[in-house]
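# Architecture and fold: a report
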Amino acid sequence: MGPYEVFQLLGEGGMGQVFLARSPGSRLVALKVIRPEYAEAPNFRGRFRREADAARKVSGFFTPPVLDANADSPQPWLATAYIPAPSLHDVVRRFGVLPEPALRALGTGLAEALLAIHSAGLVHRDLKPGNVLVAEDGPRVIDFGISRAVDATQVTRTGAVMGTPGFMAPEQIVSSREAGPAADVFSLGCILVFAATGRGPFGTGNTAEVLYRAVHAPPELTGLPDALRSLGASCLDKDPARRPSATELLAALGPAAPAALLTPGLREDLARREAHAAVLVTAPPVPVTPLVTAAPSGPSRRRFLWIAAAGGTAAAAAGAAALAGWGSKPERTPRRGSSRGTAVRPGATVPPGPKPQWSRPLRSLQNGQLRLLGDTLVRWDQTTAIGYATATGKERWTAAPRLPADVSGKPTWLGVQGSTLFATAWGDRGHLLGLDGDGALKFSHPVTEPEEGTSFPDSIHDVFCVTDSVAVIGTSSDQGYGVRAVNLSTGKVLWSRKVAGSDFHAYAVTRFCFLHDAGTVHGLDLRTGEVRWTVRDVARPGDYPQLATDGNVLLVTSTKVQAFRVTDGRRLWTAVDEPTTLNPTAVLGKRAYVVDGQDTVFALDTSTGRQLWHTASPLSLAPGGASDPGPSVSSSLLAYPLFSGEASGFVALRTSDGKVLWAHQGSGAETKTKSSTVWRVQTTGTTVYAASDTTLYAFRSATR
């Protein structure tokens, strides 16, 4: 990208992707590449150029300098100095909330950063824990310099409000054009509350609830040290004119030592990152290889270079050489388990799919999901759920259940589990609603109430699974996160349990419920919540592992697939052990199917972990999100979405041996739509149902 060698993807968000890269002078940079939809908007490049030029003038110890930018590149990019440090969000989740001395060190660093940003005529507009890095010598504020150009583009195009709920000032919510330096001070106050308590000052729940509280409700400051409560309240004043300036904040917080932020765990984390950065700085140059434009697909966007510091320059050189092949997809020799199972190496082309049995236009949804519910296909986002007939694709219903009397607003759709479409509605209590395949209301149960000392009931954000008429749900509130088991026949909450952080997941089968919480997996009695067994150190903090089971074996998928016996937690086997996170695993019968970050699909025997086959896809596969179910599998077919940045659509494999059968790739308007990252697919027998942003299809597949 420009003069920079790209090593790995650091993260991505609404504006674009951030890569770790190296300059010609062997200086590491964070390279932010803007999404194409912004680059194509009228006047964006001019705005971006002006904002980048202004950002280069920002000078301050607590902001990494902007080194370079190119507004005229096909995808505009901006390079800042790389800071090998975790975000404040990760620090709080992994190492705990901050005491008063650390809060003062954090606050002074943020205030000084805002002083530098505001002095250059910029407003950050998206100051949040994820945009604050905690380095050994103090915090750093990142992601300034392009937010206003993106803001202006989005507001002009859609009238949308840009920012992060829970950290946005009231004036930014009401009209983002009025967001000035005082809005950043409001965000700083929100960050201090988060760092002190692990939650934002306006609670949790769906976006509308959090935004409403930020505009109309007083902040919840419980947990903020007494000496800082008055200052926190002034930062969070609804009137921007009454908030302190960055200079006044510095004076109020007083001198503070950056070392107060450092815990033993954070010091170790920083040392590992520094060692990793040192290896990359001294690695030999990456050979320049032209991109193979004639190939039907490009590189996987999740093909990362992870170099262990212990590997030294030799390991870095090997990794750098591998990077030279990013522009093409050569035939690959399997790297793990090659002596077991069948290795399938398809060629560079994939047969086209059959003609659809039917296709129907779709209404626009935001990141719409797709699941089978009996003879109905349900497509939903948070605000809308629609049922379609599997035989014809005809729209059968739009969900509009009758809501309890205490509910204000509309239901939030949570998705399909088992034979039920779930939603939640929020009022004096948090309600769990269930609909059948005809869109009719099956039940409406109040399952959460305000806890002592709180004003709002817990919100319901997930239905993890349903088994034996019991739903296991995830909740959140000002007091943190939790898991509950609900009897769907009676609405009775059988048990509830608090969890340590946001990276938790639950799954259940027959008599057991399995809970991952902060790296530990518990086996619980489904109906009492009693802990039957516990296994620690199953995953690293922040890995967000997914759970699945065949009834006898529990599978925990993070950077590897680990198997435990459901009755006592005994560790049985480990498979597909990789340095990067795997996509969620799907289980059918005694087989588990998992996709890695290098476009390889694995079929595993759940009893032994033996690889039955693995297939290197010739087309780049979409990265799975935390809410994705994994590959869609029937007894005959496995379907998986393609990475839409390269070829929107999906690929179909034969489940018996992993043979790539065919791929369907979007055409016309489907290739130009950017509101969704991947297609959604569902398989049953030899039929694949697939939804792009614009069209719903049914395909009948041959299996030869």
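These numbers were taken from a predicted model, which means no experiment stands behind them. Position numbers for residues count from 1 along each chain, tracking the sequence in the order it is written. Thresholds applied to this predicted model are a pLDDT of at least 70 for local features of residues and 80 or more for the giving and counting of side-chain atom pairs; totals over whole chains, interfaces and linings are not thresholded and use all residues. The side-chain figures draw on all heavy atoms in the structure; neither hydrogens nor water molecules are used.

This part is about unusual backbone geometry. One non-glycine residue, Asp468, lies in the positive phi region at around 50°. Checked against the element boundaries, Asp468 lands in the loop between strand S18 (459–467) and strand S19 (470–477). Of note, Thr510 is a non-glycine position whose phi angle comes to about 45°, a positive value. Mapped onto the elements, Thr510 comes out in the loop between strand S22 (504–509) and strand S23 (512–517). Strands are runs of DSSP state E lasting at least 2 residues, helices are runs of H or I lasting at least 4, and numbering of each runs from the N terminus.

Here Gly353 is to be found in the loop between strand S8 (342–344) and strand S9 (358–361). Once the C-alpha coordinates of Gly353 and Phe699 are considered, the two residues, 346 residues apart in sequence, prove to be 8.2 Å apart. The contact partners of Gly353, leaving out residues within four places of it in the chain, are Trp662 and Ala663. Every residue pair with non-hydrogen atoms within 4.5 Å of one another is taken to be in contact.

All right, on to helix H11 (residues 264–282) then. To estimate the expected span of a helix, count its residues, drop one, and scale the result by 1.5 Å. For H11, with 19 residues, the first-to-last C-alpha span of 28 Å sits near the 27 Å given by 1.5 Å per residue. Among the residues making up H11, those that are buried are Leu266, Asp269, Leu270, His276, Ala277, Val279 and Leu280. Burial here depends on accessible area, computed with a 1.4 Å probe over protein chains only, as a share of the maximum for the residue type. Under 20% is buried, over 50% is exposed, and the range in between is partly exposed.

Our focus in this paragraph is the packing of aromatic side chains. When the centres of two rings from Phe, Tyr and Trp lie within 6.5 Å, Trp using its six-membered ring, the rings pair. Their planes under 30 degrees apart give stacked, over 60 give edge-to-face, and anything left gives tilted. Going through the model one piece at a time under the given rule, you end up with 16 aromatic pairs. Arranged with centres 6.0 Å apart and planes meeting at 55°, the rings of Phe422 and Phe443 form a pair that is tilted. Taken together, the positions of Phe422 in strand S15 (residues 420–426) and Phe443 in strand S17 (residues 441–448) put the pair 21 residues apart, joining distant regions of the chain. Classification of Phe422 as buried rests on a relative accessible area of 0%.

Another point: the sheet that holds S17. With antiparallel pairing, four strands are arranged side by side in an open sheet as S14-S15-S16-S17. Edge positions in the sheet fall to strand S14 (412–417) and S17, since each has one partner strand and no second. With strand direction ignored, the average angle separating the axes of adjacent strands in the sheet is 25°. Two strands form a pair only when DSSP identifies at least two bridges running between them. Strand direction decides the pairing type here: S15 and strand S16 (residues 430–435), joined by six bridges, are antiparallel. In the sheet register, Thr424 faces S16, and the bridge partner there is Leu432. Interaxial angle, 0 to 180 degrees, is taken between N-to-C directions of lines fitted to C-alpha atoms, where a helix line uses only the stretch in contact.

A word on the sheet that holds strand S35 (residues 637–641). Sheet strands pair via backbone hydrogen bonds, and the direction of the pair is either parallel or antiparallel. Read from one edge to the other, the open sheet built from four strands follows the order S34-S35-S36-S37, with strand pairing classed as antiparallel. Pairing within the sheet leaves two strands with one partner each, and these edge strands are strand S34 (632–633) and strand S37 (660–665). Bridge analysis of S34 against S35 gives two bridges, and the strand direction is antiparallel. Paired with Val633 across the bridge in S35 is Leu638.

With that settled, the discussion passes to the UniProt feature "binding site: ATP" (unreviewed entry) in the protein. UniProt positions are given in the numbering used here, feature names are shortened, and annotations may be inferred rather than shown by experiment. Cross-referencing UniProt, the feature "binding site: ATP" (unreviewed entry) maps to Lys32 in the present numbering. For Lys32, the location among the structural elements is in strand S3 (residues 28–34).

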